[in-house]
Amino acid sequence: MKGDRVEIVVDAGDTTRTYEVVASRAGRRVETAVRRGVVEVSEVTRSGTVVRTARFMANRVLALVEQPVPREEGSEKAG
């Protein structure tokens, strides 16, 4: 959902660096995956098309914080 974001804190040797991936448009979401020693954070459209991806070595990631947008009660569509 627009506004969802994931914050990634990475060890950069003598310091840390913070990166952020944000669902920038309506209907997009942010997905995270850990595969074969790599942390992958992607912004994805409703249809599942990946818009952009950030990849980090898993052993360098210090924190991975998912921050969803607060949803209002009754705003979900009945299916």
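On a predicted model such as this, the values are computed, not experimentally measured, just so you know. (Residues numbered from 1 in each chain as written. Predicted model: local features only at pLDDT ≥ 70, side-chain atom pairs only at ≥ 80, totals over all residues. Heavy atoms only, no water.)

Asks: Please clarify how the sheet that holds strand 1 (residues 5–11) should be interpreted in this entry.
Replies: Adjacent strands of a sheet form backbone hydrogen bonds with each other and so pair up, either parallel or antiparallel. Spatial ordering of the open sheet is given by 2-1-6, a layout of 3 strands whose pairing is antiparallel. On the outer flanks of this sheet lie strand 2 (16–22) and strand 6 (61–67), each paired with one strand and no other. For this sheet the average axis-to-axis angle between neighbouring strands, irrespective of direction, equals 15°. Bridge count for strand 1 against strand 6 is 6 bridges, and the pairing is antiparallel. Residue pairing across strands places arginine 5 opposite glutamine 67, the latter belonging to strand 6. (Pairing = 2+ DSSP bridges. Helix = DSSP H or I, 4+ residues; strand = E, 2+ residues; numbered from the N terminus. Axes fitted to C-alpha atoms, helices over the stretch in contact; angles between N-to-C directions.)

Asks: Please explain the pairing of strand 4 (residues 38–44) as it appears in this structure.
Replies: Successive residues of a regular strand alternate their side chains across the two faces of the sheet. Within strand 4, 6 of the 7 residues are buried, leaving the element largely enclosed by the surrounding structure. Both strand 3 (residues 29–35) and strand 4 contribute to a ladder of 7 bridges, which runs antiparallel. When the bridges of strand 4 are listed, valine 34 appears paired with valine 39. In sequence, strand 3 turns back onto strand 4 through a hairpin of 2 residues, with arginine 36 there showing a positive phi of about 50°. Of the strand pairs in this sheet, strand 4 and strand 5 (residues 50–57) are connected by 7 bridges, and their pairing is antiparallel. Each residue of the ladder has a partner; that of valine 44, found in strand 5, is valine 50. (Buried < 20%, exposed > 50% of the residue type's maximum accessible area, 1.4 Å probe, protein only.)

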